[in-house]
Amino acid sequence: MKLEISLFRFDYKSDYLPYYTKNFVKVKNEKTLLDILNNINIEQPFGFENSVDFYLCINGIYTKASISLEEVVKNFGNEITIEPISIRRAHTDLLINDADFQERLKVLSEFIEEEDKLKYQEYKIYFYASNTINYEYDYIGDAILLLAYDLIEKNKANEQEILESLKEYDCGIQYHTSLKNRIFNIDSSIEEKITTLKTKLGVSRNIKEQEFSLEKKNILDFGNFNEIKEIKHDFNDFNLAYFKGLEEDSQTSDLLAKLEAKYINTSSMNTDLALDTFHINPEFTLKLASTVMLDAFDNSADLLIVDNEKTFELFDSNRKSLAKACGREITIPVVHKNELVKLAIGAHEEVKETLTKHIVDPEIV
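What you see is a predicted model, and the numbers here were worked out from it, not measured in a lab.

Conventions and cut-offs
- Residues numbered from 1 in each chain as written.
- Predicted model: local features only at pLDDT ≥ 70, side-chain atom pairs only at ≥ 80, totals over all residues.
- Heavy atoms only, no water.
- Buried < 20%, exposed > 50% of the residue type's maximum accessible area, 1.4 Å probe, protein only.
- Helix = DSSP H or I, 4+ residues; strand = E, 2+ residues; numbered from the N terminus.
- Pairing = 2+ DSSP bridges.
- Right-handed = clockwise from strand over helix to strand, strands pointing away.
- Axes fitted to C-alpha atoms, helices over the stretch in contact; angles between N-to-C directions.
- Contact = heavy atoms within 4.5 Å.
- Core = buried A, V, L, I, M, F, W, Y, C linked by side-chain atoms within 4.5 Å.
- Parallel < 35°, antiparallel > 145°, perpendicular 65-115°, else oblique.
- Nonpolar A, V, L, I, M, F, W, Y, C, P; charged D, E, K, R; others polar.

Asks: So what exactly am I meant to see when it comes to the pairing of strand β8 (residues 239–242) here?
Replies: Moving residue by residue along a regular strand, the side chains alternate between the two faces of the sheet. A two-sided burial pattern is seen for β8, the buried positions comprising N239 and A241 on one face and L240 and Y242 on the other. Pairing of β8 with strand β9 (residues 262–264) involves three bridges; the strand directions are parallel. Looking at β9, one finds that A241 is bridged to I264. Where the polypeptide runs from β8 across helix α9 (residues 250–258) and back to β9, its parallel neighbour, the crossover connection is right-handed. Pairing of β8 with strand β10 (residues 303–306), which is carried by three bridges, proceeds in the parallel orientation. From the neighbouring strand, A241 faces β10, where its bridge partner is L304.

As structure tokens, then:
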């Protein structure tokens with residue numbers, strides 16, 4: 001087995017910008033990624049921790065150096081990019097300055113003991129894996145939220161005071177975005193604990209109850225998903241981006257697999273848009289949504305495909321607000337999966353009823 005590894009390199013003492021070195025590795029008796037890092041280090045010394053618990057990123061996904069090579073190849077392929085868990089905080093290759101992570105402990109300082117500090121260190125990956133800190137650098141951090149959950153479980157008498165401490169932090173839990181698609185083999189209980197805290201703090205609202213149109217209300221009935229008997233238009237001249245969010249829709253995926261379009265799949269297409277706290281932080285959700293749309297546009301997508309009405313409403317009905325959020329006009333058309341299938345099977349007259357009512361008309365009929 002061979003691996004092609006692009007390894008992040010940066011020395012704050014001498015480098016103005018980070019760079020990547022190519023490493024072509026022929027696997028012999030190595031079992032884990034840590035084994036490979038140690039071998040590379042012999043020939044080309046670089047900064048990392050020789051520990052199975054050392055956190056790093058593989059192709060943008062957060063994990064530990066203990067990950068087996070079998071898992072690496074199965075999930076990421078033979079060509080991988082290895083980066084630190086925070087490029088912003090990197091000082092020597094894969095090593096970072098974690099002062100921002102340590103500083104957040106002050107939020108719960110009056111409730112913690114030495115054993116709690118040790119537990120907090122185990123949560124470091126959740127702090128840096130959060131997509132939120134790419135937009136809101138002062139975010140409280142998911143590590144503190146998890147520690148707060150533990151402290152409440154340990155001593156229920158402190159629950160209200162701990163919740164009050166979380167509530168007083170300006171950039172708090174209402175800015176949380178899911179870690180689900182960002183950490184390799186994440187324990188599902190992590191998100192469950194944060195959701196529990198959201199409920200206790202009353203910041204979450206059912207997405208079906210949210211009003212996502214800040215500008216012109218655009219009420220469209222997309223009807224039902226048509227059965228695919230025959231593809232009459234295969235979209236072979238189109239580049240399609242599909243925003244999955246946290247859960248991929250099987251109908252949409254099956255449809256895209258039947259079309260001959262070029263499929264653009266970037267990491268932003270799997271992100272959380274913090275929809276359950278839109279009523280509190282509309283500007284934050286718009287920042288996240290504008291990144292998705294610009295990512296699709298900048299990768300030459302002709303259409304952005306969505307699979308539910310609420311996401312369509314967010315993307316299509318807030319063009320001016322989205323442009324303000326990212327500083328660029330966003331003109332990429334958004335198409336619901338029910339419209340895409342109608343286009344594919346040739347039900348053009350039926351689909352015209354909704355396409356012509358889009359804020360940005362796809363003009364493909």
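Asks: Hey, could you run me through the sheet that holds β10 in this one?
Replies: Whether parallel or antiparallel, the strands of a sheet pair through hydrogen bonds between backbone atoms. The strand order β9-β8-β10-β11 describes an open sheet built from four strands, whose pairing is parallel. Edge strands, defined here as strands with exactly one partner in the open sheet, are β9 and β11 (334–336). Averaged over all neighbouring strand pairs, the angle between strand axes comes to 35°, with direction disregarded. Packing of α9 onto the sheet brings it into contact with β8, β9 and β10, and relative to β8 it is tilted by some 165°.

Asks: Just to check I follow, could you spell out the sheet that holds strand β3 (residues 55–58) for this structure?
Replies: Read from one edge of the open sheet, five strands run β2-β1-β5-β3-β4, paired in mixed fashion. Each end of this open sheet is capped by a strand with a single partner; those strands are β2 (19–26) and β4 (61–64). On average, each strand axis in the sheet is inclined to that of its neighbour by 30°, with strand direction left out of account. Sheet topology note: the strand β1 (residues 2–9)/β2 ladder contains eight bridges and is antiparallel. Its bridge partner being in β2, K2 is matched across the sheet by K26.

Asks: How do you make sense of the nonpolar core when you look at a structure like this?
Replies: Side chains of nonpolar character tend, in soluble globular proteins, to be buried together. Formed by 72 residues in total, the largest nonpolar core has its most connected members in L108, I144, L166, L197, L304 and F315. Among the elements of the structure, β3, α5 (124–129), α6 (142–154), α7 (159–168), α8 (189–201), α10 (282–298), β10 and α11 (309–316) are those that each provide at least two residues to this core. Judged by nonpolar contacts, the second largest core, of 27 residues, contains L7, F46, I82 and F184.

Asks: I tried to follow the packing of α6 against α8 on my own but got confused; where do I start?
Replies: Any two packed helices are characterised by the angle at which their axes cross and by the distance between the axes. Contact geometry of α6 with α8 gives a least axis separation of 9 Å together with a crossing angle of 75°. Regarding the angle of α6 to α8, the classification is roughly perpendicular. Here D142, L145, L146, A148, Y149, D150 and I152 of α6 lie close against α8, whose contacting residues are I190, K193, I194, T196 and L197. For the contact of α6 with α8, the class distribution of residues is eight nonpolar, one polar and three charged.

Asks: Is there a simple way to explain unusual backbone geometry in this structure?
Replies: Most peptide bonds are trans, and most residues other than glycine sit at a negative phi. The phi angle at D93 is positive, at roughly 55°, despite the residue not being glycine. Assignment of secondary structure puts D93 in the loop between β6 (90–92) and β7 (95–96). Unusually for a residue other than glycine, S300 sits at a positive phi of about 65°. Looking at the element boundaries, S300 is found in the loop between α10 and β10.

Structural measurements only, silent on function.
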